[in-house]
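Each chain, letter by letter, is given below.
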Amino acid sequence: MTQSEHLFAPYIRILGKGRKGSRSLTQEEAFDAMSLILDNQVEEVQLGAFLMLMRVKEETPEELAGFIQAARDVIAITPPTTAIDLDWSSYAGKRRHLPWFLLAVRLLTDHGVTVFMHGAKGHTEGRIYTQDLLSYVGLPEATSIEQAQQQLTQNRFSYLSLEHFCPKLAHIINLRPILGLRSPVHTLARMLNPFSATASIQGIFHPSYRPTHQEAAVILNDPHIAVIKGEGGEIERNPDVPCLVQSAHHQQRIDEQWPALFSKRHRKPDTLHPQQLADLWQGTLSDEYAEATIIGTAAITLKLIGQASSQSDAEKQAKTLWNNRNRNIKVTL
């Protein structure tokens with residue numbers, strides 16, 4: 001008896017038909033393929049084949065845009081009444097340095113910027129993840145969409161793990177230890193912007209993904225996005241090296257180089273102590289690399305959301321915010 005072809009098989013065939021016969025998906029095909037995945041109509045063996053074929057060739061901006069639109073349609077969260085200024089993704093985890101960017105976020109929210117952060121943890125061995133360190137900087141974590149909406153209104157910040165608003169994508173990210181490689185979902189998740197924030201920022205590790213993010217945002221007509229090669233793949237400016245910010249504002253592409261803040265590179269610490277996040281904020285610890293990272297990261301975001309007109313203005317504002325911060329912080333361990 002002949003078995004009928006599975007409805008997802010054509011998408012695997014498009015990608016895997018060989019050197020001469022294969023091609024990338026169109027935006028519509030990518031949308032349809034991801035819709036089937038999110039609707040649990042794909043077998044696990046098909047999912048693995050699809051993800052790894054995509055990984056080998058790397059996703060195009062059109063494919064990424066199709067994937068993102070499919071995921072956004074499934075998630076379909078009603079934004080809270082409070083306008084969200086900035087969507088901040090955190091999926092990489094840190095290995096060489098502490099996530100100093102968390103203090104940049106704290107700095108922004110303390111001065112009236114509403115930030116929604118989303119991420120995942122545990123998919124890569126040997127890294128520390130944002131979700132585990134929020135308590136050191138007094139930033140709240142939600143376990144539901146409704147709680148996140150309340151926190152955004154009351155605290156101007158909320159972190160919500162991907163598993164709580166799109167469990168299927170969280171499941172796919174957690175396949176990394178099994179497959180041995182990242183998949184397009186690591187890129188897709190960064191660009192979800194589930195609460196429809198006015199602006200979004202993403203950090204990547206491999207520089208080749210910067211223009212992919214930028215072009216996908218143009219295709220989707222996302223109003224304001226920026227992507228950087230962040231330290232460890234997170235949204236964190238490394239002050240020891242120049243930082244290229246590739247952004248899109250209402251489909252206008254802008255590439256902007258931010259210079260290094262030091263002439264020599266700093267030595268990475270031998271060990272990472274999360275308590276140092278609180279100590280630096282409270283002023284009981286001094287660390288020029290960490291402070292420059294925080295100020296530099298905050299400056300990029302201030303310019304992205306339109307609160308600074310130039311690099312120098314953004315750096316000046318960020319430094320003033322840091323110097324005038326309220327050093328009292330409620331640490332809940």
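In what follows, the accompanying structure is described. (Residues numbered from 1 in each chain as written. Predicted model: local features only at pLDDT ≥ 70, side-chain atom pairs only at ≥ 80, totals over all residues. Heavy atoms only, no water.)

## As for the packing of aromatic side chains
Aromatic rings considered in pairs are described by the distance between their centres and by the relative angle of their planes.
1) Next: In the structure shown here, the tally under the stated rule is six aromatic pairs.
2) Next: When the centroid spacing of 5.6 Å and the interplanar angle of 45 degrees are considered together, the rings of phenylalanine 8 and tyrosine 11 count as tilted.
3) Next: Taken together, a centroid distance of 6.2 Å and an interplanar angle of 70 degrees make the contact between phenylalanine 50 and phenylalanine 67 edge-to-face. A residue pair is termed long-range when its members are at least 10 positions apart, and phenylalanine 50 in helix 3 (residues 44-57) and phenylalanine 67 in helix 4 (residues 61-75) qualify at 17 residues. By the burial criterion, phenylalanine 50 is buried, and phenylalanine 67 matches it.
4) Next: Of the aromatic side chains, those joined through ring pairs into one cluster are Phe8, Tyr11, Phe50 and Phe67.
5) Next: Against the face of tyrosine 209 rests arginine 182, its NZ or CZ located 4.7 Å from the ring centre.
6) Next: Note that arginine 325 overlies the ring of tryptophan 281, its terminal NZ or CZ placed 5.8 Å from the centroid. (Phe/Tyr/Trp six-rings, centres within 6.5 Å; stacked < 30°, edge-to-face > 60°. Helix = DSSP H or I, 4+ residues; strand = E, 2+ residues; numbered from the N terminus. Buried < 20%, exposed > 50% of the residue type's maximum accessible area, 1.4 Å probe, protein only. Lys NZ or Arg CZ within 6 Å of the ring centre and 35° of its normal.)

## Overview of the packing of helix 5 (residues 101-110) against helix 13 (residues 288-304)
1) Next: As a packed pair, helix 5 and helix 13 sit with axes 8 Å apart at the nearest point and diverge in direction by 50 degrees. With respect to their mutual orientation, helix 5 and helix 13 come out oblique. When the axes of helix 5 and helix 13 are compared, the crossing they make is right-handed. In contact with Phe101, Leu103, Ala104, Leu107 and Leu108 of helix 5, helix 13 contributes Ile294, Thr297, Ala298, Thr301 and Leu302. (Axes fitted to C-alpha atoms, helices over the stretch in contact; angles between N-to-C directions. Parallel < 35°, antiparallel > 145°, perpendicular 65-115°, else oblique. Left-handed = near helix turned anticlockwise from the far one by under 90°. Contact = heavy atoms within 4.5 Å.)

## Considerations on the pattern of salt bridges
1) Next: All chains considered together, the criterion is met by 14 salt bridges.
2) Next: Of the charged contacts, one joins arginine 13 and glutamate 5 as a salt bridge, the two residues approaching to 2.7 Å between their closest N and O atoms.
3) Next: Owing to a relative accessible area of 38%, arginine 13 belongs among the partly exposed residues under this scheme.
4) Next: Classification of glutamate 5 by relative accessible area gives exposed; the value is 51%. (Salt bridge = Lys/Arg side-chain N within 4 Å of Asp/Glu carboxyl O.)

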